[in-house]
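# Chain and residue survey
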Amino acid sequence: TGSGCWLPWLGLALLPLAFSPATAPPGGCPSACYCVATPELVQCRYERLEEPPKELPVTVHNLSIVGSNLSILHPAAFAARPLPDLRLLRLRHDNIQTIEDMALQGLPALRTLDLSHNPLLWVAAGAFSGVPLLRTLQLNQALLAAPLEDQLALALRNLSLRRLELAGNGLRALPASLLPPGLEELDLRNNSLQRLTAAELRSLEAPGLRGLRLNLGANPLSCDCALRPFLTWLRATATRVPDARSLRCAGPPPLRGTALLRLRPEGLACAAAEGGEPGRLETASYVFFGIVLALIGIVFLMVLYLNRRGIKRWLHNLREACRDQMEGYHYRYEQDADPRQTSAIGTP
């Protein structure tokens, strides 16, 4: 039948997928990895490797090692045999803590390196030497274990990156030292940014960064007066923030969930708790009011002291007058209460 004629061809088409690591042809997949369709795509997933596999296909283009325990990338960690065509290296969830000098030596065509989800503690100054064509570096959730901004700045100084991903690293400020000239895309989503300051915005206008696009979604933006410089910049250059329409206020409570682009800079109020200008003025007014009250109290006490004799004489006269008044009331009360006078008045 017609369908029967296709079965041999279907079997031949599926034959490359049927190779297991143990039966792979020479120059194929290493024993702990799998080749997906062709040896050009190698995946080593959750095999708990202690070091990168030594025997890789020379023609590999994409290498993915996920869920292992590489810990330290030593010099020439992937250069057991030349890999001149490797363009993408994905090392996610591999517990990488240290990247030593020349760790990527022997990968001259590498263009994309993914080190996301690793607890990086140390990155040597020459960690990325030997990969002159590297254009994309992914470090999502990789900078949480230690402050590595200075180390990375040295390691990236000779690269010509076009895309840098730093999502999910708890960053509270723009990592200006990690922005090489010529960078085109910067992913800062899911960090702890409340705003971009005026100084940070000026750094984005440097000659080599004027075309930089930023992704800033899922940051706890505080929509108070300190956000005015960033909001003004965002409204003027929204095309540089592809996810600008999705940015929302995380506070203060009255503006929580409000889209940033719906706000106007002059409408952002300063909160006293955050040291805004109205808060400072209110604090100063309270201090001034307290000083005035203190001065009034001091003047009042001085007046009392200087007129103590006159005040004493006035109090004495007041007491005497009150005593005379009370004696008059007392005399009239006694006259009214005398029964003889009452009976005399009642007799005709």
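Residues numbered from 1 in each chain as written. Predicted model: local features only at pLDDT ≥ 70, side-chain atom pairs only at ≥ 80, totals over all residues. Heavy atoms only, no water.

The name an unreviewed UniProt entry gives the protein is TPBGL protein, with Nycticryphes semicollaris as the organism.

Quick look at the overall build of the protein now. Counting its secondary structure elements, the protein contains 7 helices and 14 strands. For the protein, buried positions account for 36% of its 348 residues. Within the protein, contacts between residues at least 6 apart in sequence are counted, and of these 60% link residues at least 24 apart. In the form shown here, the protein has an accessible surface area of approximately 20,400 Å², with 60% of it arising from carbon and sulfur atoms. (Helix = DSSP H or I, 4+ residues; strand = E, 2+ residues; numbered from the N terminus. Buried < 20%, exposed > 50% of the residue type's maximum accessible area, 1.4 Å probe, protein only. Contact = heavy atoms within 4.5 Å. Areas by Shrake-Rupley, 256 points an atom, 1.4 Å probe, with all protein chains shown as cover.)

The next point concerns the sheet that holds strand 12 (residues 213-215). Taken in spatial order, the 9 strands of this open sheet run 1-2-3-5-7-9-10-11-12, and their pairing is mixed. On the outer flanks of this sheet lie strand 1 (34-35) and strand 12, each paired with one strand and no other. Judged from the 5 bridges that link them, strand 2 (residues 41-45) and strand 3 (residues 62-66) form a sheet pairing that is parallel. Residue pairing for strand 3: R45 is matched across the bridge by V66. (Pairing = 2+ DSSP bridges.)

One can expect most non-glycine residues to show negative phi and most peptide bonds to be in trans. Residue P252 follows G251 across a cis peptide bond; omega there is -5 degrees. By the element assignment, P252 lies in the loop between strand 14 (249-251) and helix 5 (277-306). Even without being a glycine, S71 presents a positive backbone phi close to 60 degrees. Among the residues examined, S71 registers a relative accessible area of 23% and is labelled partly exposed. Its identity is not glycine, yet H117 carries a phi of approximately 60 degrees, on the positive side. For H117, the location among the structural elements is in the loop between strand 7 (112-114) and strand 8 (122-123). Accessibility expressed as a relative area gives 24% for H117, which makes it partly exposed.

Our focus in this paragraph is the pairing of strand 2. Looking along a regular strand, one sees the side chains alternate between the two faces of the sheet. Across the two faces of strand 2 the burial differs, with V42 and C44 buried and L41, Q43 and R45 not buried at all. By the bridge criterion, 2 bridges tie strand 1 to strand 2 in an arrangement that is antiparallel. Of the residues in strand 2, the one forming a bridge with Y34 is Q43.

With respect to topology, 3 strands assemble into an open sheet ordered 4-6-8, the strand pairing being parallel. Of all the strands in the sheet, just strand 4 (72-73) and strand 8 have a single pairing partner and so form its edges. Pairing analysis gives 2 bridges linking strand 6 (residues 98-99) to strand 8, with the strands arranged parallel. Bridging from a neighbouring strand, T98 pairs with W122 of strand 8.

Quick look at the state of the cysteines now. Evaluation of the coordinates by the stated rule reveals 3 disulfides. The residue that forms a disulfide with C223 is C249, at a sulfur-sulfur distance of 1.9 Å. Disulfide C223 to C249: torsion about the S-S bond roughly -95 degrees, handedness left-handed. Here the residue C223 occupies a position in the loop between strand 13 (221-222) and helix 4 (228-236), and C249 occupies one in strand 14, the gap between them amounting to 26 residues. With respect to class, C223 is no different from C249; both count as buried. (Disulfide = S-S within 2.5 Å.)

Where strand 3 lies against strand 5 (residues 88-92), 5 bridges are found, and the strand directions are parallel. Considered in strand 5, the bridge of I65 is made with L91.

Moving on, we come to a nonpolar patch on the surface. Residues V287, I291, L295, I298 and M302 make up a contiguous nonpolar surface patch of about 480 Å² in total accessible area. Structurally, the position occupied by L295 is in helix 5. (Patch = residues over 30% accessible without salt bridge, like charges linked within 9 Å, V, L, I, M, F, W, Y side chains within 5 Å. Salt bridge = Lys/Arg side-chain N within 4 Å of Asp/Glu carboxyl O.)

A few words on the pattern of salt bridges. One pass over the structure, following the stated rule, counts 10 salt bridges. Residue R163 pairs with E185 through a salt bridge whose shortest N-O separation is 2.4 Å. You can see R163 sitting in strand 10 (residues 163-165) and its partner E185 sitting in strand 11 (residues 185-187), a full 22 residues away along the chain. One network of salt bridges, with partners in common, ties together R163, E165, E185 and R213.

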